[in-house]
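# Observations on chain architecture
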Amino acid sequence: MPFSLPDLPYAKDAFGDLISAETFDFHHGKHHNAYVTKANELIASNEGLKGAKLSAVIAAAKDNGDKPLFNNAAQIWNHSFYWHCLSPEKQAPTGKLKTMIDDAFGSQAELLKALKAEAVGHFASGWAWLVLDKDTLKITSLHDADTPLAHDMTPLLTIDVWEHAYYIDYRNARPDYVTALLENAINWEFVAQNLDGKGVSRADQ
Ligand code: MN3
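So, here is what we can say about the structure in this document. Note that the structure is predicted; figures quoted are calculated from it, not measured.

You can see Ser80 is positioned in helix 3 (residues 67-85). The exposure class of Ser80 is buried, given its relative accessible area of 5%.

Given below as structure tokens:
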């Protein structure tokens, strides 16, 4: 099989009540896994993409207008990236990343406020992102499976705002989920590694 479900980079009970083990069982074990299964099925009948990396499959599916393959491949990538964006230990941005955040948003608090507004305000399913667009830090959100990789932007941080990401632990309260993650569970060390692409490649396969 060309693609596989990557292991979580922490134990599924590492976040306590913030993100329950049950959420990981479903979100990683069922949803993420289903995208892997479906993408592998779609790739099986596509000779031209056999052996291609996930990022190359996403680009080709976009160019070919192959929506089912794009959606499933991009969802594998987005979820693999999202798991790395989370840390069971509370962190804060430091060094070059901190300076860039202060220059672009004024402070970490202002960045979190803007990211929270984007994530909460995004209508229906999708992902809120902190990206590097050329040399500029930007906040955006994309619908369904769409990914900054398909828009020539460097992803730095994402929050999954599909209901399946928060319904077990937060029911319909997306703002509580977004706030809990942004204030307690972001892997800022990983975000910093994405500035020069070191982290981003970890979601590829
Ligand atoms: Mn999800």
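Here the narrative resumes.
What follows covers the coordination of the manganese ion. For a metal with four tetrahedral donors the ideal donor-metal-donor angle is 109.5 degrees, while six octahedral donors give ideal angles of 90 or 180 degrees. Taken together, His27 (NE2), His79 (NE2), Asp160 (OD) and His164 (NE2) make up the protein donors of the manganese ion, found 1.9 to 2.1 Å from the metal. Mapped onto the sequence, the residues coordinating the manganese ion show the spacing H-x51-H-x80-D-x3-H. Taken as a pair, His79 in helix 3 and His164 in the loop between strand 3 (154-160) and helix 6 (167-170) lie far apart in primary sequence, 85 residues in all.

Another point: the pairing of strand 2 (residues 136-143). Strand direction decides the pairing type here: strand 1 (residues 126-133) and strand 2, joined by 8 bridges, are antiparallel. In the sheet register, Ala128 faces strand 2, and the bridge partner there is Ser141. The antiparallel hairpin formed by strand 1 and strand 2 contains 2 residues in its connecting segment, where Lys134 sits at a positive phi of about 55 degrees.

On to the pairing of strand 1. Judged by how many residues are buried, strand 1 sits mostly within the fold: 8 of 8 residues are covered. Bridge analysis of strand 1 against strand 3 gives 6 bridges, and the strand direction is antiparallel. Following the sheet pairing, Leu132 is matched in strand 3 by Thr154.

Here we take up the packing of aromatic side chains. Tallied over the entire structure, the rule returns 13 aromatic pairs. Where Trp77 meets Phe81, the ring centres are 4.9 Å apart and the plane angle is 15 degrees; that geometry is what we call stacked. Linking Trp77 with Phe81, this pair stays in helix 3, spanning 4 residues, or about one helical turn. With respect to class, Trp77 is no different from Phe81; both count as buried. The structure contains a cluster of three or more aromatic residues connected by ring pairs, namely Tyr10, Phe15, Phe24, Trp77, Phe81, Tyr82, Trp83, Trp127, Trp129 and Phe190.

With that out of the way, let us pick up the nonpolar core. Tyr177 and Trp188 are the most contacted members of the largest nonpolar core, which has 66 residues in total. If you tally residues by element for this core, the top one is helix 3, at 10 residues. Those residues in contact with Trp188, other than ones at most four positions away along the chain, are Gln91, Ala92, Pro93, Leu97, Ile101, Gln108, Leu111, Leu112 and Leu157.

Next up on the list: unusual backbone geometry. You will see that Ala124, though not glycine, has its phi angle at about 70 degrees, which is positive. Turning to its location among the elements, Ala124 is positioned in the loop between helix 5 (108-121) and strand 1. Of note in this structure, Asp152 is not a glycine but carries a positive phi near 55 degrees. Here Asp152 is to be found in the loop between strand 2 and strand 3.

Taken as a whole, helix 7 (residues 174-184) has its buried residues at Arg174, Tyr177, Val178, Thr179, Ala180, Leu181 and Leu182. Where helix 7 is buried, its residues meet helix 3, helix 5, strand 3 and helix 6.

Definitions and limits used
- Residues numbered from 1 in each chain as written.
- Predicted model: local features only at pLDDT ≥ 70, side-chain atom pairs only at ≥ 80, totals over all residues.
- Heavy atoms only, no water.
- Helix = DSSP H or I, 4+ residues; strand = E, 2+ residues; numbered from the N terminus.
- Buried < 20%, exposed > 50% of the residue type's maximum accessible area, 1.4 Å probe, protein only.
- Donors = N, O, S within 2.8 Å, 3.2 Å for Na, K, Ca; no water.
- Pairing = 2+ DSSP bridges.
- Phe/Tyr/Trp six-rings, centres within 6.5 Å; stacked < 30°, edge-to-face > 60°.
- Core = buried A, V, L, I, M, F, W, Y, C linked by side-chain atoms within 4.5 Å.
- Contact = heavy atoms within 4.5 Å.

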